[in-house]
2 protein chains.
Amino acid sequence: MKNFALKGDIIFTPTPEKFQSAQDSYIVCEDGMVSGIWKELPERFSGIRVLDYSGRLIFPGLCDLHIHAPQYSFRGMGMDMELLSWLETYTFPEEAKYGDLEYAQKAYEIFTNDLRKSATSRVNVFATIHGEATVLLMDLLEKAGMRGFAGKVNMDRNCPDYYKEKDADTSVQDTWSWYESVKDRTGIRPILSPRFLPTCSDRLMEQLKEVQKKTGLYMQTHLSENPGEVEWVKELAPWSEFYGDAYDHFGMFGNHGKTVMAHCVYSGKEERDLMSKRGVYVAHCPQSNLNLSSGIAPVRAMMEEGLHVGLGTDMAGGASLSILRVMTDAVQVSKMYWRYLDQDKKPLSASEAFYLGTKGGGSFFGNVGSFEQGCEFDAVVLNDTPIKTALDPDMEQRMERAMYLSQNEHIMAKYIHGQEVFRR
Amino acid sequence: MKNFALKGDIIFTPTPEKFQSAQDSYIVCEDGMVSGIWKELPERFSGIRVLDYSGRLIFPGLCDLHIHAPQYSFRGMGMDMELLSWLETYTFPEEAKYGDLEYAQKAYEIFTNDLRKSATSRVNVFATIHGEATVLLMDLLEKAGMRGFAGKVNMDRNCPDYYKEKDADTSVQDTWSWYESVKDRTGIRPILSPRFLPTCSDRLMEQLKEVQKKTGLYMQTHLSENPGEVEWVKELAPWSEFYGDAYDHFGMFGNHGKTVMAHCVYSGKEERDLMSKRGVYVAHCPQSNLNLSSGIAPVRAMMEEGLHVGLGTDMAGGASLSILRVMTDAVQVSKMYWRYLDQDKKPLSASEAFYLGTKGGGSFFGNVGSFEQGCEFDAVVLNDTPIKTALDPDMEQRMERAMYLSQNEHIMAKYIHGQEVFRR
C-alpha cells in the first residue's frame, strides 16, 4: 500500500496557537509523505485506495522524546522516592537484568507490543548498558513498526558494581561494537545515550564526543531534573557555570550533532540560552516530574525563547505510555507553575500541548508531527464516540476530549511513514 | 443473591498507613454486610454461592464525595479558565438546560450509565436548580445501582438571570417540594446543596438552616477553592473571619447535620480547626484543582489534624470519572505541595491515597469503604492482567499499578451494599 487516502475528521497543529481541522475530508499519502488534505479527492487521485474512517478523528502520530524501555516492567510502582534513591532502589536492579537476553526478550516484547498499539509513532528510547539487548530492542521496535532512535546506555561511575561498565574505554569499545552492528538501520537508528553526567566520567564524556564527531550520531541524556542531582553535578564539575555547561565543556551539548535533553526542570536562563544557541531539544516529561517529586519545568519560558520543546513519557518515571495523557499533564502542571511560581507565565492551551506532542517534538525526527504537505505520513485514527456526551462538540473540543479521556482501545489504526502499523 | 462469597485477591486499607491483603481468599457478604475474609471458607458457609474471581483484584467500592452530574456533558473541554469565569462561560449555560426534562433524561442517562460501569459505589452528587430533573437524576442513579446522596442546587444571587432562582423564598419552597417527593428514598438520598456562598443570599442561607434543623438533611457545598472566590466571600461577608466562618455564621457548617465541603485549597489553620470541631468532611478534588488552576489543598495537614478527608472527581472540573485516577492525582499534587509549598508535609503514599478514596470518604455514607467485618459490602473486581509486566508484582504493587494504569474495561464486576451492579 504505497499510495492511499484516509477519510475522516482530520486535525493537527501547524503552529502552537491553534488547531487546524478538516471535517469529513481526505488526507493523501504518497510514498510515505503527506500530499495534502481535500474535501473532495482531486481528479489525479481517482482510483487511489481510500480507507474510510468517517466520523473518526485522524491526527498526526505522537512523538515521545524520552522513554526508558527496560523500566516499562515497573511502571506504576514505587512512586515513593525522588530521582537518585529511585535509581538505586528500583531502576538499576531492574536494568541490570537485561544482560540476560531471555529476560530482555520477554520484557521488551511486552513494551514494544504496547507501544505498537499506542498513538505514538516516533520515539527516543534508552535501553541499558548491554549492547546485544539493545540490538534486540531495536529489532522489536522495528518489528512493531516504530520509527526513531534507541541507544545503548553509557555509565562508568557512581553506580552499583552490578550495573556499571568496567571503565570509560570498555564503555566506548562496547558502544563502537553496538554502533557497527546497527549503523545502517533506517527504522530505529542508533543514538548516543550517556545516562547523565553523574554516572559518566570525564574520560568517558571526552571519548563519546569523539564518537559523535566521527559518526554524526544524535545524542540523548538528562539535564537539571532534580535539585539533588543539580547539586551533585556542581560537586562533580566544580568548574562548570551550570549543569548544561558541564555537558558543553565536553562538547556534548549539541556541539557535534542533534541533541535532546530530558526534563530541564531547573534550567535557568543561562542554561536555556545555551540550549537555544546550540539548538538542543527539551524533552518535557511532566508526568515523571510529578511522580519523582522533581518539580515543574519552565516550559512557557522555553517556548517564548524559541527553544525546541517536545514531550516525553520518561517511562517509568512516568507511568503512562500515552502522549495524549502527557499533553494533559503538561497543561495541568503549567497551571500550577502559573499559580505558584510565576504568574507572568500563562498556562499552556490544549493546542499548545498538542503541538508539543506532535510537531514540536516531531522535528527531532525530521519533517514529522504535522499534516502539512511534504510531512512524513504518520497518522492515528481514534474513535471518540465511546466518550459519550449529550452535546455536539466541534473538532477542537473532540480532540481536547480525546486528550483527556480516550483509552487505549479507542485507537483504531496507526500509520507511520506511510506504513500501516495496525488496524482494528 | 442475599449471601455469597467472592474469591480472589483481596486488598483494602483499614488504616491509611498500609494496605492489608489476602491473596486467593474468600470475602463473604451476608445481608449486604461484610462477614469476614478467609483463606478457606468456614464450615458455616458451606453451600454458599461462590463467585470465583481467582487472580483478580477485589477492593472496596470507591467513594466520590463530589460530582456535578449535569457537567458531565462538557468534561474534558474548556480547560482554559479559572473557577469564576469557567462557571459563567461553560457551567451555568449547560446547567440551565436541565429545566428541559427531555435533555436531562438524555444527558443523565449517559452520566449514570458510565458511573454504573466505573469502580465508584458511593457518590455525593450536585444536580441543578430544577427539582423535577433532580428527581429524574435520583431515579437514574438508583437504577444504576448507585448509593449516596444527590441534591437540588440552591442559588439566588450573583448568577445570570437565565440560571437563577427567583428569590430565597422560592428557592426554599422548591427545596421543600423536592424534599417531600424523595425523603423516603434509601438508595440515593436527598442532601442540601447550596451552590456556594457567593450565589446564596443571607436570607437563603438562614432558611436552609431551618430546613436542615427540621429534616436532619446532610449538606454539601464548596469552600475556599480559588483565590478570587475567597476574596469575593470577604466582600460579601465582611464580618466573617474566614470563608468557613461565613457558613458557620448561618449555622451551615456541620452545625445541624453531616456536612461535606469540596476543595478547601485555601483553608488555613483557623478554618481547618473549625472543620475539625464541627466534624465537617473535606472532598479533596486534586484533578479539578489542577484543571481550574485552583491550587493544591493542604491534605497532609488535614490528615495530621484528624479531619475527615475523602476524594472527589468534581466532574467536570475534573475530566475523569475514575476515583482510581484521582488517587494518583492526589499523590502527584502532594509531591508538588511538598516541593514548592512546605517541605514539612511529606507526599501521600499509595495506601494513603487509596484510603482517602475508600474508607476516608466512605465514612460519610456509613460504615463504608473497607472490608472489615460489619462494613457495608461494596466491592469492585478488577482484572489487572492486561497491565502486562515481566515482573511478578505483589498485591500492593498490583493495586498501585491498577491505580495508575487500569482502564475502564478492566473492571469486571461491582457490588454495592451486597447488590450485584454489573458483571462482565
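Note that the coordinates shown come from a computational prediction; the quantities given were computed from them, not determined experimentally. (Residues numbered from 1 in each chain as written. Chains lettered and ligands numbered in written order. Predicted model: local features only at pLDDT ≥ 70, side-chain atom pairs only at ≥ 80, totals over all residues. Heavy atoms only, no water.)

**Points about the relation of the copies chain B and chain A**
Inference 1: For the pair chain B and chain A, the relating rotation is 180°, the translation along its axis is 0.0 Å, and the fit reaches an RMSD of 0.0 Å. Both chain copies can therefore be described as sitting about a two-fold axis. Looking at the rotation axis and the C-alpha trace of chain B, the residue lying nearest is Gln-407 of chain B, at 3.5 Å. (Least-squares fit on C-alpha atoms with pLDDT ≥ 70 in both.)

**Here we look at the sheet that holds strand β12 (residues 259-263) of chain B**
Across a sheet, paired strands are connected by hydrogen bonds in the backbone, their directions being either parallel or antiparallel.
All names here are of chain B.
Inference 1: The sheet built from four strands is open, its strands ordered β11-β12-β13-β14 with parallel pairing. The sheet is open, and its two borders are formed by β11 (219-223) and β14 (308-311), each paired with just one other strand. Ignoring which end each strand starts from, the neighbouring axes of this sheet average 30° apart.
Inference 2: Note that strand β13 (residues 281-284) and β14 share four bridges and pair parallel. Looking at β14, one finds that Val-282 is bridged to Val-309.
Inference 3: Packed onto the sheet, helix α11 (residues 323-341) meets β13 and β14 and runs at close to 120° relative to β14.
Inference 4: Across the sheet, helix α12 (residues 350-362) is in contact with β13 and β14; its angle to β14 comes to roughly 110°. (Pairing = 2+ DSSP bridges. Helix = DSSP H or I, 4+ residues; strand = E, 2+ residues; numbered from the N terminus. Axes fitted to C-alpha atoms, helices over the stretch in contact; angles between N-to-C directions. Contact = heavy atoms within 4.5 Å.)

**Let's talk about the interface of chain B and chain A**
Inference 1: Facing 51 residues of chain B, the contacting portion of chain A comprises 52 residues.
Inference 2: Carbon and sulfur atoms supply 55% of the area that chain B and chain A bury against each other, a total of about 4,400 Å² over both sides.
Inference 3: When the buried area of chain B at its contact with chain A is split by residue, Met-77, Tyr-340 and Ala-390 of chain B rank highest and sum to 13% of it.
Inference 4: Applying the counting criterion to the chain B and chain A interface returns two salt bridges.
Inference 5: Among the ionic pairs, Arg-339 of chain B bridges to Glu-82 of chain A, the shortest N-O distance being 2.6 Å.
Inference 6: At the junction of chain B with chain A, the criterion picks out 28 residue pairs in polar contact (both at pLDDT 80 or more).
Inference 7: Among the elements that line the side of chain B that touches chain A, the one with the most residues is α11 of chain B, at eight residues.
Inference 8: Considering only residue class, the side of chain B that touches chain A consists of 23 nonpolar, 16 polar and twelve charged. (Buried area = accessible area lost by both parts, 1.4 Å probe. Salt bridge = Lys/Arg side-chain N within 4 Å of Asp/Glu carboxyl O. Polar contact = N/O pair within 3.5 Å; in protein donor to acceptor, adjacent residues only side chain to side chain. Nonpolar A, V, L, I, M, F, W, Y, C, P; charged D, E, K, R; others polar.)

**Thoughts on helix α2 (residues 101-116) of chain B**
Residues and elements named next belong to chain B.
Inference 1: Over its 16 residues, α2 runs 21 Å from end to end, which matches the ideal 22 Å to within 8%, given 1.5 Å per residue.
Inference 2: On its buried side, α2 packs onto β5 (62-68), α1 (83-96), β6 (120-126), α3 (131-143) and β16 (411-416).
Inference 3: Measuring from the side-chain oxygen of the N-cap residue of α2 to the backbone nitrogen of Glu-102 gives 2.9 Å; that N-cap residue is Asp-100. (Expected span 1.5 Å × (residues − 1).)

**Some points on the UniProt feature "domain: Amidohydrolase-related" (unreviewed entry) in chain A**
Inference 1: Following the UniProt record, one finds the feature "domain: Amidohydrolase-related" (unreviewed entry) at residues 58-392 of chain A.
Inference 2: End C-alpha atoms of residues 58-392 of chain A are separated by 18 Å, and the span's content is 43% helix alongside 15% strand. (UniProt positions renumbered as here; feature names shortened; annotations may be inferred.)

**Topic: the domain arrangement of chain A**
Residue and element names in this part refer to chain A.
Inference 1: For chain A, the assigned domains are domain 1 (4-60 + 370-423) and domain 2 (62-362).
Inference 2: Computed over C-alpha atoms, the centres of domain 1 and domain 2 are 29 Å apart.
Inference 3: Between domain 1 and domain 2 lies a buried interface of about 2,200 Å² when both sides are counted; carbon and sulfur atoms form 63% of it.
Inference 4: Broken down residue by residue, the surface that domain 1 buries against domain 2 is led by Pro-16, Met-403 and Tyr-404, which jointly contribute 26%. (Domains from an automatic or database assignment.)

**Focus: the environment of Val-135 of chain A**
All names here are of chain A.
Inference 1: Locating Val-135 in the fold gives a position in helix α3 (residues 131-143).
Inference 2: On the basis of relative accessibility, which here comes to 19%, the residue Val-135 falls in the buried class.
Inference 3: In this structure, the C-alpha to C-alpha distance between Val-135 and Ala-96, residues 39 residues apart in sequence, is 16 Å.
Inference 4: Apart from the residues within four sequence positions on either side, Val-135 is in contact with Trp-178, Ser-181, Val-182 and Arg-185. (Buried < 20%, exposed > 50% of the residue type's maximum accessible area, 1.4 Å probe, protein only.)

**As for the pairing of strand β12 (residues 259-263) of chain A**
Residues and elements named next belong to chain A.
Inference 1: Most of β12 is tucked away: five of the five residues are buried.
Inference 2: Here strand β11 (residues 219-223) pairs with β12 via five bridges, running parallel. If you follow Thr-221 over to β12, its bridge partner there is Met-261.
Inference 3: Direction of pairing for β12 relative to strand β13 (residues 281-284): parallel, over a ladder of three bridges. Each residue of the ladder has a partner; that of Met-261, found in β13, is Val-282.
Inference 4: In terms of handedness, the path from β12 via helix α8 (residues 269-278) over to β13 forms a crossover that is right-handed. (Right-handed = clockwise from strand over helix to strand, strands pointing away.)

**So, the packing of aromatic side chains**
Residue and element names in this part refer to chain A.
Inference 1: For the structure on display, the rule yields 44 aromatic pairs over all chains.
Inference 2: Here the aromatic rings of Tyr-72 and Phe-111 are separated by 5.3 Å at their centres, their planes lie at 65°, and the arrangement is edge-to-face. In this pair, Tyr-72 sits in the loop between β5 (62-68) and α1 (83-96) while Phe-111 sits in helix α2 (residues 101-116), placing the two residues 39 residues apart along the sequence. Each of the two residues, Tyr-72 as well as Phe-111, counts as buried.
Inference 3: Their ring planes at 85° and their centres at 5.2 Å tell us that Tyr-281 and Phe-364 sit as a pair that is edge-to-face. With Tyr-281 in strand β13 and Phe-364 in the loop between α12 (350-362) and β15 (379-382), the pair connects residues that are 83 residues apart, well separated along the chain. (Phe/Tyr/Trp six-rings, centres within 6.5 Å; stacked < 30°, edge-to-face > 60°.)

**Observations concerning the layout of surface pockets**
Inference 1: Roughly 410 Å³ of internal volume is contained in the second largest pocket.
Inference 2: Around the second largest pocket sit 19 residues that line it, and Met-77, Gly-78 and Tyr-90 of chain A together with Gln-397 and Glu-400 of chain B are the ones nearest its centre.
Inference 3: Elements that contribute at least two residues to the lining of the second largest pocket include exactly α1 of chain A together with α12 and α13 (395-405) of chain B.
Inference 4: Top contributing element to the lining of the second largest pocket by residue count: α13 of chain B, with three residues. (1 Å grid on protein atoms, 1.4 Å probe; cavity = no way out; pocket = protein on both sides within 12 Å on 5 of 7 lines; lining within 4 Å. Points joined across faces, edges and corners; volume = space filled by probe spheres on them.)

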